[in-house]
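Here's the letter readout for the chains.
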Amino acid sequence: MKENKPRVLLVEDDSADLEIITRVMEESGFSANIDAVSSGAEALDYLKRRNRNEGPDNAYPNLIFLDLNLPGMSGFEILAKVKEEPDIKRIPVIVLSTSGEPGDIDQCYALGASSFVVKPANIQGFVDIMQQIERYWFEIVSLPAQPA
Amino acid sequence: MDGLFQIFSTENFMPHGHCYLWFPHILWLHIVSDTLIAAAYFAIPLALFRLARQRPDFGLNRSIYLFVSFIVLCGLTHVMEIYTIWEPVYFQQGLLKVLTAFVSVATAVAVWPLLPKLLATPSTAQLETANAELASAYAALKTSEDRLELAVNAGGVGLWDWDIETGEVWYSDLWLDHLGYKPGEVENHYATWEAHLLAEDKARAIAEINAHLETGAAYSSQFRMRTKSGGYVWVEAFGVANLDANGRAYRMAGTLIDITEKKQRELEDEKNRLFLQSVLENVQDGIVACNEKGELTLFNFAARQFHGIGLRDIHPTEWSFAKDLFESDGETALSIHRVPLHRAMRGEIVESQEMVIAPDNLAARRFVVKAKPLINTKGLQIGAVAAMHEITVEREREEALKRSNVELEQFARVTSHDLQEPLRKLITFSEFLKEDLGDDLNERVRSDIDAISASAERMKQLVSDLLELSRLKGNEGPPESVSPRACIDDVMERLSEESLKGAQFSYEDLPDIRGDRTLLTQVYQNLIVNALKFIPANRRPEIAFTARMEGRVVVLGVKDNGIGIDPAQRDYVFQPLSRLHGRDDYEGTGIGLAICKKAVERMGGRIWIDGDGNEGTHFQFELKAG
C-alpha cells in the first residue's frame, strides 16, 4: 500500500500555508507521502540525497509543489536548479503561487514548470484543484519511472 | 609805201557778194549761218565765266580769258565774213584771222596741261555712284551711332571725356542726369566730379583714378555722388586713359552708371544673409549642411558647441567630426555610413536617428537627428542638411521615469503578493474554523466568521483592482487600428451566463479606432460589468453599443437601462475608490471607472457621461478614427 502512494515534495516555508495545503490534500482525498522542506537549499539537498540513493526510503518524489516566495533562494532559482539536474529535471514541478502575476507565470513556464496554480482563498476551490491535480498526474498521465 | 597803203585799200577788190553773184539765196544762206555761229560763239563766254566763278575747283581762273578770247575771236571771224560780202576788207579780215590763229594755237597748247585735271574731275555717273556709296556709308554710320546712343541711353550709361592737361571734361547728358542735372547746369570741369563725391568715398575714389593714371591698371570704381537734390547715388565708373609718346596720360574717357538699386539689393541681400546667419547661429539645434561634393558648408554655433569648438571659427576643411559620433548606446563609434548627413547625401530622408556626441574631454550629449537631401528646383541634389536636437535631459528624465516605473511595478508585485497572502489565509482559516467547529457552530459565531471572511474577501478584491489600475498599460507599441466589436466580443466570452442576467445587446455600426486593443477591451469590460451590475434586480439589462463619427474622431458609447448616475456625481465616479452606493445594495470597489478613464486617456481620448440620471447611463468616449 505504501509503495503505491505517490511521493510529493512540498517546498513551502510558511507554516500556515503548509497546514492549508496538507489539510486541503487530505480533504480532497489526495493520498500521498508528503516530504516538506522550507527552503531552496533544503529542497536541493533533499533531491541530491535521493540522487545518491542513500537510505532505504530514498525514492525520488513523483511531483514537486513549489512556492515562489521563499527565504534565501527564490522559487525561480530552485526551479532553475532542478531543471539543470539530469536525473531530477524529469520530475514535474507544480508552482503554487498567491498571485497570478503574468511575469511570474511566463518565467516559471520558461524555466520548465509543468503547471502554475494560483492558490484560491476559499477551501472548496482549493480542494477541487487538488482533486484535479491528483487525477491528472496520477490517473491520466504516465509519469517517468524511478531511475535505477 | 604805196604798196603798203594799198593793202588797206579796197579799191582794187570786189565785195565777196560778187563771188555769190549776188544771188540772194546764197547771200542769205551765208549771212544767216555766220550770224548764228557768231551769236553762238559770243554766248559761250558767258557760260564759261559762270562756270569759272561757281566751280573754282576746276582751276579755270587763269585760262578762262584765253578760252574766252579764242571763242570771241572765232565769233568775230564770222562777223567779218558777213561784212566782207559788201565791203572787201580782206586785208583786215586776214589780220583778224592771224590774231585768231595765234590765240587758237595758244589755247590748244594751254588745254593739254589742263586735260588731266579735267579728266580727274569725276563724271556725273561716277559722282552718282560715289554719292550713293557715301549715303549708304553715312546711313550705316548713323545706324551704328543711333545704336550706340540707344544702348548708351537705354543702359543708362553716362559718358565723360577728360582733357587732363586743361582739366576740362565733357559730361554726357545722361552723366548729368544721374546726378539730377540738366546740360549746362554744372561746369565742364574735373572739379565738378570731385566736388560731387561723397565725403566718405572721396579719398578712395580719387586714389583709384590716380592709380589708373599712374600704373595703367584697369579702372573700375564704385563710389557715391551727391545729387542736385541733396541725396546721393551709388555709381560705378569705368575708363581708360590715352597716353602720349612719353607715356603720360593726356586724356581719359569712360562711362558712369547708376548702381544705386543694385547696391541697395546687395545691402538688402547682405542684411538677409546676416539675419539668416544670426538665426542659424542662435538656434538651439545644431545644423550642419554640405554641398553636392559632400564638403561641409554650414556648421552653426550650436553644432560647433556640441563638438566642443564653441566660438572658434574654423576652416571648413577641418570640419571632420565623425570621430566624436557614437551610436545611441554611447559606446559604438558611428560608422561613416550611419552618419545622418552621409545618409542624406545618399538620398535618404532620416526622420529620426538617435546618436551621441562625445568629443574628447567633454561629457557625452544625446541627440535626435533629422537629415534630408537638399534638392534644387530642377530636382537635382545640391547637398544635404542635418539638424541635431539635444535630448540629453529628456532622455535622462525618461530613464528616471522608467526606473521609477520599474520600481513602482516591483512594488506593485510585492504588494500584490504580500498583501494578498495574509488575506487569503484569513479567508481560508475562517473556513477551517467553521469546519472545525462543525456542529458546535451557533448562528452568531457563524455570522461573525462570515463577516471576517467577507471583509478579507473585499480587501483582497480592492488590492487586486488597485493593482490593476496601477499596472494598466497597453502593448506599449505604436497606436494601431482596433475594432471595437472585436474588443466587446472578447469581453462577452469571459462573462459567465449568470452575470449576463439575460441581458439584451444592440450594436450600432462601430468604426475602427486608433489605439490599443488591450486598453479598449479594459474599457468595454468595466463598462459592461457596470451596466450589468448597477441595475434594479427585477429589470432585464438592455445594453446598446453606440458610435458616431465627428470628423477624424470616433465617439463610442455604452448605454444601459440601469439605475443611472446623478449628474452632480459624474466627475466624481471617475476617481479611484469612489462609490455611490452602499455595499449591501451594489457590489464594487469603485475602481472600474477609474480604469476606464485611465485607459481612454492613455489612448489620447476622453470619457464622459450623458443622460439625465434617471433613464440609465450613457458612457461615451472619443478616440481617433482608425
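Here, every reference points to the structure presented above.
Now for a quick tour of the structure. (Residues numbered from 1 in each chain as written. Chains lettered and ligands numbered in written order. Predicted model: local features only at pLDDT ≥ 70, side-chain atom pairs only at ≥ 80, totals over all residues.)

## Thoughts on the overall build of chain A
Stated precisely, the cut-off is as follows: Secondary structure elements are defined from DSSP: runs of H or I of at least 4 residues count as helices, runs of E of at least 2 residues count as strands, and each element is numbered from the N terminus. Two residues qualify as being in contact provided that their C-beta atoms, derived from the backbone, are within 7 Å of each other.
What chain A contains, in helices and strands, is five helices and five strands. When its helices and strands are written in sequence order, chain A yields β-α-β-α-β-α-β-α-β-α. Restricting to contacts in chain A with at least 6 residues of sequence separation, those with at least 24 account for 67%.

## Digging into the sheet that holds strand 17 (residues 606–610) of chain B
Residues and elements named next belong to chain B. Definition in use: Only strands that DSSP links by at least two bridges are regarded as paired with each other. Where helices are involved, their axes are fitted lines through C-alpha atoms of the stretch in contact, as for all axes, and angles between N-to-C directions lie from 0 to 180°.
Spatially, 13-15-16-18-17 is the arrangement adopted by the five strands of the open sheet, whose pairing is mixed. Strand pairing shows two members of the sheet lacking a second neighbour, strand 13 (504–507) and strand 17, which therefore form its edges. Strand-to-strand twist of the sheet, defined as the mean angle between neighbouring strand axes without regard to direction, takes the value 20°. In this sheet, strand 18 (residues 618–624) lies alongside strand 16 (residues 553–559) in antiparallel orientation, the contact comprising seven bridges. Looking across to strand 18, one finds that Leu556 is bridged to Phe621. Running over the sheet, helix 17 (residues 592–602) touches strand 17 and strand 18 and is turned about 135° from strand 17.

## Overview of the nonpolar core
The cut-off we apply is this: Any set of buried Ala, Val, Leu, Ile, Met, Phe, Trp, Tyr and Cys residues joined through C-beta atoms within 7 Å is what this text calls a nonpolar core. Labels follow a simple rule on C-beta atoms placed from the backbone: if 20 or more others lie within 10 Å of a residue's own, it is buried; if 12 or fewer, it is exposed; otherwise it is partly exposed.
In this structure, A:Val11, A:Ile64, A:Phe65, A:Leu66, A:Leu79, A:Val93 and A:Val95 are the most contacted members of the largest nonpolar core, which totals 31 residues. Put simply, the parts of the chain that give this core at least two residues each are strand 1 (7–11), helix 1 (15–28), helix 2 (40–51), strand 3 (63–67), helix 3 (75–82), strand 4 (93–97) and helix 5 (123–140) of chain A. With 30 residues, the next largest nonpolar core counts B:Ala531, B:Leu556, B:Ala594 and B:Phe619 among its residues.

## A closer look at the pairing of strand 1 (residues 157–163) of chain B
All names here are of chain B. Where burial is concerned, the two faces of strand 1 differ: the one with Gly158, Trp160 and Trp162 is buried and the one with Val157, Leu159, Asp161 and Asp163 is not. Examined bridge by bridge, strand 1 and strand 5 (residues 249–258) share seven bridges and lie antiparallel to one another. Residue Gly158 lies in a different strand from strand 5, and its bridge partner there is Leu256. Direction of pairing for strand 1 relative to strand 2 (residues 168–171): antiparallel, over a ladder of four bridges. Its bridge partner being in strand 2, Trp162 is matched across the sheet by Val169. Hairpin connection between strand 1 and strand 2: a loop of four residues separates the two successive antiparallel strands, and Gly167 in this loop has a positive phi of roughly 85°.

## With respect to the interface of chain B and chain A
Definition in use: Under the grouping applied here, Gly and all other residues not named as nonpolar or charged are polar, the nonpolar ones being Ala, Val, Leu, Ile, Met, Phe, Trp, Tyr, Cys and Pro and the charged ones Asp, Glu, Lys and Arg.
The partner chain A presents 11 residues to the 12 residues of chain B that form the contact. Among the elements that line the side of chain B that touches chain A, the one with the most residues is helix 12 (residues 392–437) of chain B, at 11 residues. Partitioned by chemical class, the residues of the side of chain B that touches chain A number two nonpolar, four polar and six charged.

## Some remarks on the environment of B:Lys559
Residues and elements named next belong to chain B. Tracing the backbone shows Lys559 in strand 16. Along the sequence, Lys559 and Thr617 sit 58 residues apart, while their C-alpha atoms lie 5.7 Å from each other. If sequence neighbours within four positions are ignored, Lys559 has contacts with Ala544, Thr546, Gly616 and His618.

## A short note on helix 3 of chain A
The line we're drawing: The arc in question is the one spanned by the directions pointing from the helix axis to the C-beta atoms.
Those residues of helix 3 of chain A not exposed but buried are A:Gly75, A:Ile78, A:Leu79 and A:Val82. All buried residues of helix 3 of chain A project into a common sector of 100° when viewed along the axis, lining one side.

## Focus on the pairing of strand 1 of chain A
Residue and element names in this part refer to chain A. For the record, the criterion: Here is how to tell: hold the view so the strands point away, follow the path from the first strand over the helix to the second, and if it runs clockwise the crossover is right-handed.
Summarising burial for strand 1: four of the five residues are buried, a large majority. Note that strand 1 and strand 2 (residues 33–37) share five bridges and pair parallel. Residue pairing for strand 2: Val11 is matched across the bridge by Val37. Handedness of the crossover joining strand 1 and strand 2 through helix 1: right-handed. Both strand 1 and strand 3 contribute to a ladder of four bridges, which runs parallel. Within the sheet, the bridge partner assigned to Val8 lies in strand 3 and is Leu63.

## Comments concerning the sheet that holds strand 5 of chain B
Residue and element names in this part refer to chain B. Taken in spatial order, the five strands of this open sheet run 2-1-5-4-3, and their pairing is antiparallel. Of all the strands in the sheet, the pair left with one neighbour each is strand 2 and strand 3 (219–226). Strand-to-strand, the axes of this sheet are offset by a mean angle of 25°, without reference to chain direction.

## Regarding the packing of helix 3 (residues 63–86) of chain B against helix 4 (residues 90–120) of chain B
Residues and elements named next belong to chain B. Rule in force here: For classification purposes, an angle smaller than 35 degrees is called roughly parallel, one larger than 145 roughly antiparallel, one from 65 to 115 roughly perpendicular, and anything else oblique. Left-handed describes a crossing whose near helix is turned anticlockwise from the far helix by less than a right angle; the clockwise case is right-handed.
With their axes 9 Å apart at the nearest point, helix 3 and helix 4 run at an angle of 155° to one another. Relative to helix 4, the element helix 3 lies roughly antiparallel. The handedness of the crossing between helix 3 and helix 4 comes out as left-handed. On helix 4, the residues touching Ser63, Leu66, Phe67, Ser69, Phe70, Leu73, Cys74, Leu76, Thr77, Met80 and Thr84 of helix 3 are Tyr90, Gln93, Leu96, Lys97, Leu99, Thr100, Val103, Ser104, Ala106, Thr107, Ala110 and Leu114.

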